[in-house]
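A closer look at the structure
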Amino acid sequence: MAVTESPAAGPKPAGAKPAGSKPASGPKPAADEAYWAVGDDIADDKAPGGPIEGQWQRRQFEAHLVNPSNRRKLTVIIVGTGLAGGAAAASLGEAGYNVEAFCYQDSPRRAHSIAAQGGINAAKNYRNDNDSVYRLFYDTVKGGDYRARESNVYRLAEISPHIIDQCVAQGVPFAREYGGLLDNRSFGGVQVQRTFYARGQTGQQLLIGAYQALERQIEAGTVQMHNRHEMVELIVADGRARGIVTRDMVTGQIEAQMGDAVVLATGGYGNVFFLSTNAMGCNNTAAWRAHRKGAYFGNPCYTQIHPTCIPVHGDTQSKLTLMSESLRNDGRIWVPKKAADAAKDPRDIPEADRDYYLERIYPSFGNLVPRDIASRQAKYMCDEGRGVGPAVTEVDAQGVERQVRRGVYLDFADVIARLGQATVAARYGNLFDMYAQITGENPYETPMRIYPAVHYTMGGLWVDYDLMSSIPGLYVVGEANFSDHGANRLGASALMQGLSDGYFVLPNTINDYLAQPRPPIDAEAAEAKAAVAQAQARVDQLLAIQGSRSVDSFHKELGHIMWEYCGMERTEAGLKTAIAKIRQLRQQFWSDVKVTGRGDDFNQALERAGRVADFLELGELMCVDALHRRESCGGHFRAESQTADGEALRHDDEFLYVAAWEFGGDDDLPVLHKEPLVYKAIELKQRSYK
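Scoring rules and cut-offs
Residues numbered from 1 in each chain as written. Predicted model: local features only at pLDDT ≥ 70, side-chain atom pairs only at ≥ 80, totals over all residues. Heavy atoms only, no water. Helix = DSSP H or I, 4+ residues; strand = E, 2+ residues; numbered from the N terminus. Rg over C-alpha atoms; globule rule 2.2 N^0.38 Å. Buried < 20%, exposed > 50% of the residue type's maximum accessible area, 1.4 Å probe, protein only. Contact = heavy atoms within 4.5 Å. Salt bridge = Lys/Arg side-chain N within 4 Å of Asp/Glu carboxyl O. pLDDT = per-residue confidence, 0-100. Pairing = 2+ DSSP bridges. Axes fitted to C-alpha atoms, helices over the stretch in contact; angles between N-to-C directions. Polar contact = N/O pair within 3.5 Å; in protein donor to acceptor, adjacent residues only side chain to side chain.

In terms of helices and strands, the chain carries 17 helices and 22 strands. The C-alpha atoms of the chain give a radius of gyration of 24 Å, which matches the 26 Å a tight globule of 690 residues would have. In terms of principal-axis extent, the alpha carbons of the chain reach across some 75 × 60 × 50 Å. Evaluated residue by residue, the chain yields a buried proportion of 62% over its 690 residues. Across the chain, contacts joining residues at least 24 apart in sequence account for 74% of those joining residues at least 6 apart.

Printed below as a string of structure tokens:
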């Protein structure tokens, strides 16, 4: 995204506006806040009317079908082969479509989905604790602070039991109780046990199940797998997505890949912060290239700060490590009551001098409050001077230095005393081992030290009920879309959404689009050649700069800006400062970055440069989105909008909508379109977990 006072951010796109796009209209922002233009309201016209309980069945019945013999004539391109993309590729291949699947890893098994730890939600009520589809729906909407679309969330809850059946049939080794039934545990923001798990390796086991299904279709010939290929452009012809441009990451070859529809399953954009729990290769380039071609970006400021991560330990770190939220089932979170005790060995601090602050503030939910609430409270405790761990020097917005300890304790002494170390090891052993290897501390003997870190992004490309973006023929699944979580994601719902989209939703909605015949198109089409030329020009430009700064130095600086001003707490002044700093940083990037190596070869510096260039544009849009939303909701906490006791304060009269941003061009402002949110099945009210 660029603005009038920004430098050119690389070659201009050759794409067209999405079908149905309208020019900016309506009142402009005040002169001192001219960071965006105002567009027309939009609506999700695919969601059927009537009672929410029957909407998904009605949509499936109303959607056009593709005759099995005609599916062999159609090609679907899928970018990303994690849980959402791998499940979608396997399902569409099984249905008889020709699938071209692309990933930048050596193998689909390297997708970041493998890193998910704690579990996957499903409304099966195995614990007989009054769970239901409606309760999962309610918990998800409430957990997202009433900023999610009702129809999508209900469908997710409705499909959730089928996901477990599918995965069990694939042989996923979920944990089981003594009697052989699948076991469940709790996650944040709920008062039932609905999370299915495989120790702390749930994502790995689910990904292996999807990978085996995908490999079956590769062997059958319905799926062609393209490893080590990165999408660098979207091909739009006649206003529709008809292909992608990829760069072979081994040879450097840039070429067009054509199809009848394109599916993006490329994950989230948490690495815009540099330090996050994401794998270092995770990026937003595919989604951002689509955004620049006309795909709306929904709620980019909705990012999740996970409360249970190993704290930052130095300036040389390149990523952070998640400690599963499932640990909060049995671990108790606390800090010393007195700041003077912060440097003590925690085992020497008596019980009377410990503040189990989540249990104190939120007695109904305790340590299992939603992630956004647990994260903010950890920050508040550290801001008060009661944080633990090594002291670090921080500089506040006024330039004042102070020593702060950024950590709180996650203590398992009580559960070990109650159930024994063997039981705890059976539940969390691999997580404890990982913590010990990274920190050199034994969590069975000494409480873990944790602190919030960037984890998941609820924002993403805007999609309708069918998961199609504002560009016809471009579908977006999993974390890459905005659709299911609102302003905060409940724990154990990411795996649920990825598999729901891939196994069940997309295969039943993409038929409606593919059933409509369209003229064939190949790589010789003018639009395909233009997109290839655009991608090549961008590579040439990055290589030609030959400045003095490394790509990572720009990424680190961007991450610092984002964390400082658009992280756990945002203010109007801070966000305006961030926007100015990012614009300046982007100008420096395009004039002083040094990308070594060649374009026609294996070149990781070039790969990172393209991704960071896109992060620089995305980071500004995130700050603009956070600036325009003058309310607090979920993970988006504006300091100017909070209750007397420091909780998020929504303003439903002004901001009950999805913010869908249209790319305005390199030399113009982003355009804000609003999709009003209408709640019929759930009552709107301020969240309370007390």
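Moving on: the pattern of salt bridges. Enumeration according to the criterion identifies 59 salt bridges in this entry. With a shortest N-O distance of 3.0 Å, Lys124 and Asp165 are connected by a salt bridge. With Lys124 in the loop between β4 (120-121) and α4 (133-143) and Asp165 in helix α5 (residues 150-170), this residue pair connects regions lying 41 residues apart in the sequence. Between Arg586 and Glu620 there is a salt bridge whose closest N-O contact spans 2.9 Å. You can see Arg586 sitting in helix α15 (residues 572-592) and its partner Glu620 sitting in helix α16 (residues 604-628), a full 34 residues away along the chain. Per residue, the accessibility class of Arg586 equals that of Glu620, and both read buried. Beyond isolated ion pairs, a larger network of salt bridges with shared partners links Asp145, Arg147, Asp372, Arg376, Arg629, Glu631, Arg650, Asp652 and Arg687.

Further remarks concern the confidence of the model for the chain. Low pLDDT means the predicted atomic positions in that stretch should not be read closely. Residues of the chain with pLDDT of at least 70 account for 95%, and the chain-wide mean is 93. A low-confidence stretch, residues 1-32 stays under pLDDT 50, and its non-local contacts, those more than four residues away or across chains, total 85 contacts.

Relative to the assigned elements, Arg538 resides in helix α13 (residues 526-545). The class for Arg538 is buried, based on a relative accessible area of 10%.

Another aspect to go through is the sheet that holds strand β20 (residues 474-476). One key point about sheets: their strands pair by backbone hydrogen bonds, in either a parallel or an antiparallel sense. Reading across the sheet, the five strands line up as β6-β3-β2-β10-β20 and stay open at both edges, with parallel pairing between neighbours. Looking at which strands have only one partner, the edges of the open sheet turn out to be β6 (223-226) and β20. Across the sheet, the mean angle from the axis of one strand to that of its neighbour is 20 degrees, orientation sign disregarded. Sheet analysis places strand β2 (residues 75-79) next to strand β3 (residues 98-102), joined by five bridges and oriented parallel. What sits directly across from Ile78, in β3, is Ala101. Contacts between helix α3 (residues 83-95) and the sheet are confined to β2, β3 and β6, with β2 contributing the most and set at about 165 degrees to the helix. Where helix α12 (residues 494-514) meets the sheet, it contacts β2, β10 (261-264) and β20, and its direction lies at approximately 150 degrees from that of β10.

The element strand β21 (residues 657-662) is extensively covered by neighbouring structure, given that six of its six residues are classed as buried. Every second residue of β21 is oriented toward a common face, with Tyr657, Ala659 and Trp661 on one face and Val658, Ala660 and Glu662 on the other, all of them buried. By the bridge criterion, two bridges tie strand β11 (residues 297-298) to β21 in an arrangement that is antiparallel. Bridge assignment links Phe297 to a residue of β21, and that residue is Trp661. Taken together, the six bridges between β21 and strand β22 (residues 671-676) define a ladder with antiparallel strand orientation. Counterpart to Trp661 in the pairing with β22 is Leu672.

Quick look at the side chain of Ser326 now. Mapped onto the elements, Ser326 comes out in the loop between β12 (303-309) and β13 (332-336). Residue classification places Ser326 among the buried residues on the basis of a relative accessible area of 0%. Within polar-contact distance, the side chain of Ser326 engages the side chain of Ser324 at 2.7 Å. Setting aside residues no more than four positions away along its own chain, Ser326 makes contact with Gly118, Arg185, Phe187, Tyr428 and Leu431.

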